[in-house]
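Observations on chain architecture
Spelled out, the chains give:
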Amino acid sequence: MALPDFPIPGIHFFISDNAFCGSHKGLNYRITPVKAKAEEDIDSHFAVFTWYGMLSSELAEKQAEATFPLDTDGLDAVKAWLEEQYKVYSEK
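As the structure is a prediction and not an experimental result, all values here were calculated from the model.

Analysis parameters
- Residues numbered from 1 in each chain as written.
- Predicted model: local features only at pLDDT ≥ 70, side-chain atom pairs only at ≥ 80, totals over all residues.
- Heavy atoms only, no water.
- Helix = DSSP H or I, 4+ residues; strand = E, 2+ residues; numbered from the N terminus.
- Salt bridge = Lys/Arg side-chain N within 4 Å of Asp/Glu carboxyl O.
- Core = buried A, V, L, I, M, F, W, Y, C linked by side-chain atoms within 4.5 Å.
- Buried < 20%, exposed > 50% of the residue type's maximum accessible area, 1.4 Å probe, protein only.
- Contact = heavy atoms within 4.5 Å.
- Pairing = 2+ DSSP bridges.
- Axes fitted to C-alpha atoms, helices over the stretch in contact; angles between N-to-C directions.
- pLDDT = per-residue confidence, 0-100.

Details of the environment of His24
Residue position: His24 is located in strand S1 (residues 20-24). In this structure the C-alpha to C-alpha distance between His24 and Pro7, which are 17 residues apart in sequence, comes to 9.1 Å.

As for the pattern of salt bridges
The final tally for this structure, using the stated rule, is one salt bridge. The residue Lys62 makes a salt bridge to Glu65 at a minimum N-O spacing of 3.5 Å.

With respect to the nonpolar core
In terms of nonpolar packing, the biggest core is built from 19 residues, with Ile8, Phe14, Ile31, Phe46, Val48 and Leu82 touching the most fellow members. Elements that contribute at least two residues to this core include exactly helix H1 (11-15), strand S2 (27-34), strand S3 (45-52), strand S4 (64-69) and helix H2 (72-90). Sorting elements by how many residues they give to this core places H2 first, with five residues. Each residue touching Ile31, except ones within four places of it in the same chain, is listed here: Ile8, Phe14, Ala19, Phe20, Phe46, Ala47, Val48, Val78 and Leu82.

Considerations on the sheet that holds S1
Pairing is antiparallel across the open sheet formed by four strands, whose spatial order is S1-S2-S3-S4. Where the open sheet ends on each side, the last strands, each with one partner, are S1 and S4. Each strand axis lies, on average, 20° off the axis of its neighbour in the sheet, ignoring direction. The sheet contact formed by S1 and S2 spans five bridges and is antiparallel. Residue His24 lies in a different strand from S2, and its bridge partner there is Leu27.

Some words on unusual backbone geometry
The phi dihedral of Asp17 falls on the positive side, at around 70°, and the residue is not glycine. Position of Asp17 relative to the elements: it lies in the loop between H1 and S1. With phi around 50°, Lys25 is a residue other than glycine that occupies positive phi space. Mapped onto the secondary structure, Lys25 falls in the loop between S1 and S2.

Describing the confidence of the model for the protein chain
Residue-level pLDDT values for the protein chain average 88, and 89% of them are 70 or greater. Here S1 stands out as the least confident element of the protein chain, with mean pLDDT 91; S4 is the most confident, with 97.

Side note on the pairing of S2
Hairpin remark: S1 followed by S2, antiparallel, with two residues in the connecting loop; positive phi at Lys25, about 50°. Where S2 lies against S3, eight bridges are found, and the strand directions are antiparallel. Across the sheet, Ile31 pairs through a bridge with Val48, a residue of S3.

And the structure:
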């Protein structure tokens, strides 16, 4: 399902090691690419979290967190997860 209200860049934006913050009607989100580190046994992935309100991502309380593979399927999963998180948020 498309997310016209959740503007999210394409996979190349994230592969270039860029993080992205966005918001939709009070639900804020941050998507950060994490590169693989074999010596630390870390696979490449998206680290995503949400928060509510006007505070910055560094100051706000995280409401939900998830990780997804750093690929196009993972980006689609991020979008679906954000839709779910918005439903949770809008029911409060």
